[in-house]
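# Structural overview for review
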Amino acid sequence: MRAADAPTHQRWAPVWIVAVVGVAYGLGSGSAWLLFHASDVGAVFFPPAGVTLGALLLARREHWVYVLGAAAAVELGINLSQGLAVGAAAGFMLTNTVEPLVGATLVRHFLPGRIDLTRVRDAGVYLTCAVGLGPLAGALIGATTTAWTAGAGWWTALGQFWAGDGLAVLTLGSAVVGLGTLRAPLPARRLWRAALVLTATALLTAIGFWPQDVPLMYLPVPLLLAAGFGGRIATVGAAGFVMAFVANLQSAAGRGPWAVLAEHPDVEAATLQVYLAFVVVGAWVLAIAVAERDRARAQSRREVAARRRLETLQEVTAGLAGAATAEQVVRVLVEKGVGVVADHGYVTLLDRDGVNLRIWPTSTVPPATMARFAEVRLGDLARLPVLDVVQRGQPVTLGSLAEIADRYPAVMDSGAEVATRGVHVVPVRVAERTLGALAFVYHQDGAVTPEVASLAQTIADLAGQAVDRAERHEAEYTAAHELQRSLLPRISDHLPGVRARAAYQPAERGNDVGGDWYDVFELPGSRVAIAVGDVVGHGLTAAAAMGRLHLLLRSTALAGASPAEVLESLDTASLAIAGAAYATVGYAEYDPIERTLRYASAGHLPPLLAVGDTVTYLNDGRSPPLQLATRARPEAAMAVPEGAMLVWYSDGLLERRDEVIDVGLDRLAKAAETLRGADPQEWCDQIVFAMTGGAATTDDVVVTCLLLGGIAAPTDESGVLRITLNSVKDLPPTRRALRAWSVTHELSADQTDALLMAANEALINSLEHAYHGRPAGPVTLTAMRGQRREIRVEVDDRGRWRASSTDGERGRGLDLINQMARRVVVNLSRHGTRVTITVPES
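Quantities reported herein were computed from a predicted structural model and do not represent experimental measurements.

With that settled, consider the sheet that holds strand S12 (residues 608–611). With respect to topology, 5 strands assemble into an open sheet ordered S7-S17-S16-S12-S13, the strand pairing being antiparallel. With one partner strand each, in any of the chains shown, strand S7 (498–505) and strand S13 (614–617) form the two edges of the open sheet. Pairwise comparison of adjacent strand axes, ignoring direction, gives a mean angle of 15 degrees for this sheet. Bridge analysis of S12 against strand S16 (residues 644–649) gives 3 bridges, and the strand direction is antiparallel. What sits directly across from leucine 608, in S16, is valine 647. The strands touched by helix H20 (residues 661–673) are S12, S13 and S16; relative to S13, the strand with the most contacts, the crossing angle is about 150 degrees.

Right, let's talk about the pairing of strand S5 (residues 422–430) for a bit. By the criterion of burial, S5 is predominantly enclosed, with 8 of the 9 residues buried. Note: strand S4 (residues 396–398) against S5, 3 bridges, orientation antiparallel. Its bridge partner lying in S5, valine 396 is registered against valine 425. Across 9 bridges, the pairing between S5 and strand S6 (residues 433–442) is antiparallel. Counterpart to proline 427 in the pairing with S6 is alanine 437.

Another point: helix H8 (residues 188–208). Across its 21 residues, H8 extends 30 Å between first and last C-alpha, which sits within 8% of the 30 Å expected from 1.5 Å per residue. By the burial criterion, the buried members of H8 are Val197, Thr201, Thr205 and Gly208. Summarising the axial view, the buried residues of H8 lie within an arc of 65 degrees, below the 170-degree limit, and thus occupy one face. Opposite the buried face of H8, at more than 90 degrees from it, the exposed residues are Arg189, Trp192, Leu196, Thr199 and Leu203. Buried-residue contacts for H8 involve helix H9 (221–229) and helix H10 (233–252).

It is worth spelling out the nonpolar core at this point. Tyr126 and Leu276 are the most contacted members of the largest nonpolar core, which totals 57 residues. Broken down by element, this core gets its largest block of residues, 9 residues, from helix H11 (residues 265–321). Ile491, Phe521, Ala636 and Leu646 belong to the second-largest nonpolar core, a separate cluster that totals 50 residues.

Here we come to the packing of aromatic side chains. Tallied over the entire structure, the rule returns 6 aromatic pairs. An angle of 80 degrees between the planes, with centres 6.3 Å apart, marks the rings of tyrosine 25 and phenylalanine 46 as edge-to-face. With tyrosine 25 in helix H2 (residues 13–34) and phenylalanine 46 in the loop between H2 and helix H3 (48–58), the pair connects residues that are 21 residues apart, well separated along the chain. Given the relative accessible area of 0%, tyrosine 25 is considered buried. For phenylalanine 46, a relative accessible area of 8% corresponds to the buried category. Consider the rings of tryptophan 154 and tryptophan 155, whose centres lie 4.9 Å apart with planes at 85 degrees: the pair is edge-to-face. The ring of tryptophan 210 carries the charged tip of arginine 255 above its face, separated from the ring centre by 4.3 Å.

The rules behind these values
- Residues numbered from 1 in each chain as written.
- Predicted model: local features only at pLDDT ≥ 70, side-chain atom pairs only at ≥ 80, totals over all residues.
- Heavy atoms only, no water.
- Pairing = 2+ DSSP bridges.
- Helix = DSSP H or I, 4+ residues; strand = E, 2+ residues; numbered from the N terminus.
- Axes fitted to C-alpha atoms, helices over the stretch in contact; angles between N-to-C directions.
- Contact = heavy atoms within 4.5 Å.
- Buried < 20%, exposed > 50% of the residue type's maximum accessible area, 1.4 Å probe, protein only.
- Expected span 1.5 Å × (residues − 1).
- Arc of directions from axis to C-beta.
- Core = buried A, V, L, I, M, F, W, Y, C linked by side-chain atoms within 4.5 Å.
- Phe/Tyr/Trp six-rings, centres within 6.5 Å; stacked < 30°, edge-to-face > 60°.
- Lys NZ or Arg CZ within 6 Å of the ring centre and 35° of its normal.

Read these as geometric descriptors, not functional statements.
Here you go:
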């Protein structure tokens, strides 16, 4: 870069260097001549040595020539003005340019970067090269010049030059380097404190080096040690320079303890400078120790802060991973994210319409403040920095109260209430969409360090992913929940002999919707079906699988299948239903006429039967969940006492993460023991409350309660005819009862004949085939009106039909039935046979 293109301050740098070094060097050299009686053998204390060395270490390499040129010119001028010969003046000029050049070159060789004299290595290099070797090189030239021009002793001149220049470099040079390497300007308070220390040092040194007989030269030492305890090398060097300057001034005037050595000036100079050097070095060592301690503490604080940031990030990550809703995400961010990283802060999210911004504060924000900013419109950008961040998608950092007042004056009132001194706001984004912002607020200026900003951005990134995931989960939750609710049936108020109600409580928002379901419906023959199921898995897949299993169970049950057969049909069908594997299903049939309950359970929890004060779990008829059965599924049957309440439920009612299922079963039994009354809805509600405490659960809860009553045996007036036959001898009275039933229901003669012929053939088949080779068993006839103006007849047995004969004379009964009826369905199972005949009513 050409000089003309350089910045103004760089172009003027040589001028400033020459001016400052020239003036400072002139003052120091003049004081050496006038105050310390410098002569052709040199001064006992030479301040310009510290000025030149310090200037070289602070200046850029290309500017060293200006530093040395200014020092050489002033040195030559003062030497000549004091009457020195040209040779002596030139020799001393060479002495005072070679000395700082050697010292600065060696220091910069070992310390090419920033010099920190509070570090052991930097201090060692400075003492060795700048205080030791540099003055030694100058002393060699100065002693030789003195011996050649004045005939003085070479060794005496060497010691005097080395001590005088080395002490100046040790004190004034270190003060110049220390001040020049500060990273920021000193505040006024520290400047006044340093001025006070220097003034007190000068005063105490003047007092301590005044009397000759009373040794008071130690008076300024505590001040230097105190400066060293503050860890400031610049203050130590400056105080040491003041002490050395005043001490040498007093000694040159014949005052102080060293006045007794006036007849031996070389000994006087050597011992005084050694004393002063030891005091300064001692204070310097203390400053280094304190600075090292402070650095260790700062490093420890940084490590603690870094560990805390890492722990915070881990907690936030874990919390957000488990947060399923936006509210849960906000809670994690407020308590573990913003609330830990900052003194206080806010979490803000846009509403679904993208118009308003909702704001959640940390616990330290006064409620009165948040009452004004609970929700704001996105277009009002002048009020809050979070709105600016949400609008533009870029972070905002405000490092002081003045910056806050300048950019967002409306925040000042609320900021004053919570001692706001700094704000860092980062957007919460996912992909290209801004979801909100996180505001980190601090009580101190300059609290937003790069580490803090990086952590805040990381938390914001995690928050964006978590909020996006929560929104998608909530959308699926809503869809699955609506689907599940739409598939759950409304229980009829007109079930034969049964009063039934159900309670359904979905899982708390944030937990996936499961596949819990129930159904209670009427079966042909005045029977009632009870079903409870639970599909493994969650979400839309589970809800869809639940719906398909539910419909399949109902259709199979209405076709006349027994409980075990219903479960076996679900086993087969579930293979083609996604998400239906390992589902649990409980199914039962209740006959209010015979007051019997037949039930079977595929991995589902057992139903509870409550009769008065006695509760019993029905643990028979159990088998594995769907698709896991390796043998025929069993079923059980029992007689139901008067006033029995059947309770069947899903596992969400019992299961808790911190206890085994038996604890839940015991709790349910105890709850049922205390219930009275005959209202199934009250039973459902009280059981749910007793088991959940009225709180939301982590899984769906289904409870069905059925008061199992009885009905009288069907008569002609009931609409349903039921007759049990034990042998063919019962056929004639059965035909007469069926004919009377047909007349009661105003069937035509043709309809009555068709009905009698079809029913008679079905009864003969069951009586002849079902119990062939075994003791005879009952055959039941049930006749009823259907829902679509049709007559429905069911013939049930508990045997097994034999095969038709091969002579062609037998097995024609079903053909005849098919001719008489609209539809004939024969269900064969190991538990018996049911023939369902449908005859049109008109």
